[in-house]
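One letter stands for each residue in the lines below.
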Amino acid sequence: MELFTQIVQQFINGLSLGGIYALIALGYTMVYGIVKLINFAHGDILMVGAYISYFVLTTFGFNPWSLAAAFLLAVVGSVLLGVSIEATCYRPLRNSPRINALITAIGVSIFLENLPRVFPFIGSDYRNLAVPAFFDNITFGDITIIPIKLITLVVTLVLMGLLILVVDYSKSGKAMRAVSYDMGASALMGISVNRTVSFTFALGSALAGAGGVLYILNFPQLDTYMGIMPGLKAFVAAVLGGIGSIPGAMVGGLILGLAETFTTGFISSDLTGAVVFGILILILMFKPSGIMGVHTKEKV
Amino acid sequence: MRIFKNLSLLGGLGIGLFVILWALISTNVIDDYSLQILCMAGLNIMVGLSLNLISGYTGQLALGHAGFLAIGAYSTGILLIAHVPLPLAIFSGALITAAFGFLIGFPALRLRGDYLAIVTLGVGEIVRVLIINLGDLTGGASGLRNIPGFAQNIMVNNPAAFLWIFPAMFLSVALVANLIQSSHGRTLISIREDEVASQAMGVNIFGMKLMSFTVSAFIAGLAGALYAPFIGYLAPGGFDFLRSVFFVIVVVLGGMGSLTGTVLSGLGLTFLQEALRSNAKAWGTAVTGLFGGGNAINLDPMSQVLFGLILVLLMIFRPEGLLGTKELRLTQMFRRGAR
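## Some points on the overall build of chain B
From N to C terminus, chain B includes 13 helices and zero strands. Listed N to C, the secondary structure of chain B is α-α-α-α-α-α-α-α-α-α-α-α-α in terms of helices and strands. The C-alpha atoms of chain B give 21 Å as radius of gyration, which agrees with the globular expectation for 339 residues (20 Å, within 12%). In terms of its C-alpha atoms, chain B occupies a principal-axis envelope of roughly 65 × 50 × 50 Å. Within chain B, buried positions represent 46% of all 339 residues. Within chain B, counting contacts between residues at least 6 apart in sequence, those at least 24 apart form 77% of the total.

Quick look at the structure:
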């Protein structure tokens, strides 16, 4: 019974963490789907979202209004950052070899991670956010659910639902799908490729910003390198689900969150990084197209 | 005849440079501090060369060379602490790294482009995590201490290190340069230029990539093996992703596919990084003063900010790096001189 309780407990924690990874992974997968670029700076957008919400929440304290404001400002800030990164750094390289764009993304990433450390109001020290318990723990027999985990899960599910609505039913979403299918042909059909790519970065960055807020509510410690690990894990999630596939990123994120909490709970929290990258190497060796990805053949 | 000329020129240049540098060191024109940075630059150049071989010439971007460096350094460090003779320990460190590269290359090199980059990044991270978790063997997170140096007397460790590092660096340059000139090297370049066409011409792509990757791991491991007795203390934090990115910057700035470029940018970036690091505090205080005091501005991350900027600007404005694929060729220089 003891073991069963522990498994259920870890399962709930894993779903909640996996939801955050899924949000970030969606940004990777959409961007990769459309410009074939691993946006290394995506994790750092999460960091920026987290810092924005941190400043809002420490200034105004915790109440529903400040939470909403933190959420909104983090999303807006992340969107502005993501779109301007794309316009200044990635757009000039859209027709260069993919490796060049990847190297640029690494450059943007280490720039974003280190520049804020220079400013005294952010600095290089860890900052802690005192997150209150929003309401009492919910208990079912031996199983306790911590409210923030539940909130995280609900928020991520709502955001994913919204994303599906946007991608499947809006005009911009349709343009996104068209451009990711064939950029040249959609340009010929009168779709503005630049605007669509910007829109994709905006959507992805919005989710990363939202993910950043949820991330610090769950793990309330900030520094400017905080985006690296969740970013890499979410990337693994995107690959696991099949890069370019939106439902794939969601499934991949959840699986990765579960894998991580179970590793922490039953083996050792030190090994989560090794397990995550082990998963990546295995999936790339045996099914590089991922769970829901489409297998692409190389054309000459 | 041409090979003989090549080798004698290369050897002559190496011995000449060595004699000059050694004269400067023994007359104390290059002081102990500069010598230490010079040795560090030598090691960085070696890793840069090894990364250029796989990324610049073979076209397979690898982001985990800090992991190779770590394996070489830790194996040699552990062997030295176990009283294995220095030359044997260094050579074993490089060989262990090469074997590791071979084993990793087997699954990883089936992947292409950005997937390979991510997997090598992942391998580098796994190496670091394992080093932290191996406990007494590697000293865990607190690091491996008291590694015997090149010299018994710690005061002359840096000159002793130079006696090892300079020849090792020079031989690495010669090894990579000759490999690139050989038919194997041409094959590697053909893989970079067009994998499918190269395969159609009958090139065993996987085998060649694996060869390139293993040689690359060997050189990076050798640099690591020399690093352990040079510094005497290894901490896993020093072998993180940022370290791997530093080597990428060395290669990209010098030019992917230019050995001369790697040597120059390896030297330049090591000194730049050190200059920024050692001046960060003073400049930070000065800048804080400009803004009328208050919270101290921390300029330690300055070099990373600058490196990020260098990468982005290079890729946008000069993706071929400073030298592109140009080389300083000794034979050409002398032939031109004769005319």
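Back to the write-up after that little detour.
## Remarks on the overall build of chain A
Within chain A, the regular secondary structure consists of eleven helices and four strands. Expected size for 300 residues packed as a compact globule is a radius of gyration near 19 Å; at 19 Å, chain A falls within 12% of this value. Expressed along its principal axes, the backbone C-alpha trace of chain A runs to roughly 60 × 45 × 35 Å. Here chain A, with 300 residues, has 50% of them falling under the buried criterion. In chain A, of all internal contacts separated by at least 6 residues, the share reaching a separation of at least 24 is 76%.

## With respect to the interface of chain B and chain A
Between chain B and chain A, the residue contacts involve 38 residues of the former and 35 residues of the latter. Those elements giving two or more residues to the side of chain B that touches chain A turn out to be α5 (113-133), α10 (241-254) and α12 (302-317) of chain B. Residue contributions to the side of chain B that touches chain A peak at 13 residues, all from α5(B). Among the residues making up the side of chain B that touches chain A, the classes are represented as 29 nonpolar, seven polar and two charged.

## With respect to helix α5 (residues 147-169) of chain A
All names here are of chain A. In this model α5 runs 33 Å from its N-terminal to its C-terminal C-alpha over 23 residues, within 8% of the 33 Å that 1.5 Å per residue would give. What α5 keeps buried is the set Lys149, Thr152, Leu153, Val155, Thr156, Leu159, Met160 and Leu163. Those residues of α5 hidden inside the fold are in contact with α1 (2-35), β3 (143-145), α8 (193-218) and α10 (246-266).

## A closer look at the packing of helix α9 (residues 228-241) of chain A against helix α11 (residues 272-286) of chain A
All names here are of chain A. Between α9 and α11, the least distance of the axes is 10 Å, while the angle of their chain directions is 25 degrees. If you check the angle between α9 and α11, you find them roughly parallel. In terms of crossing hand, the pair formed by α9 and α11 is left-handed. Contact residues: Lys233, Val236, Val239 and Leu240 in α9; Val276, Ile279, Leu280, Ile283 and Leu284 in α11. For the contact of α9 with α11, the per-class residue count stands at eight nonpolar, no polar and one charged.

## Quick word on helix α4 (residues 86-108) of chain B
For an α-helix, 3.6 residues make a turn, and residues three or four places apart therefore share a direction. All names here are of chain B. Between its first and last C-alpha, α4 extends 32 Å over 23 residues, near the 33 Å set by a 1.5 Å rise per residue. Among the residues making up α4, those that are buried are Ala89, Ile90, Gly93, Ala94, Ile96, Thr97, Ala98, Phe100, Gly101, Ile104, Gly105 and Ala108. Buried residues along α4 sit in contact with α3 (65-81), α5 and α9 (205-231).

Rules of the game
- Residues numbered from 1 in each chain as written.
- Chains lettered and ligands numbered in written order.
- Predicted model: local features only at pLDDT ≥ 70, side-chain atom pairs only at ≥ 80, totals over all residues.
- Helix = DSSP H or I, 4+ residues; strand = E, 2+ residues; numbered from the N terminus.
- Rg over C-alpha atoms; globule rule 2.2 N^0.38 Å.
- Buried ≥ 20, exposed ≤ 12 C-beta atoms within 10 Å, placed from the backbone.
- Contact = placed C-beta atoms within 7 Å.
- Nonpolar A, V, L, I, M, F, W, Y, C, P; charged D, E, K, R; others polar.
- Expected span 1.5 Å × (residues − 1).
- Axes fitted to C-alpha atoms, helices over the stretch in contact; angles between N-to-C directions.
- Parallel < 35°, antiparallel > 145°, perpendicular 65-115°, else oblique.
- Left-handed = near helix turned anticlockwise from the far one by under 90°.

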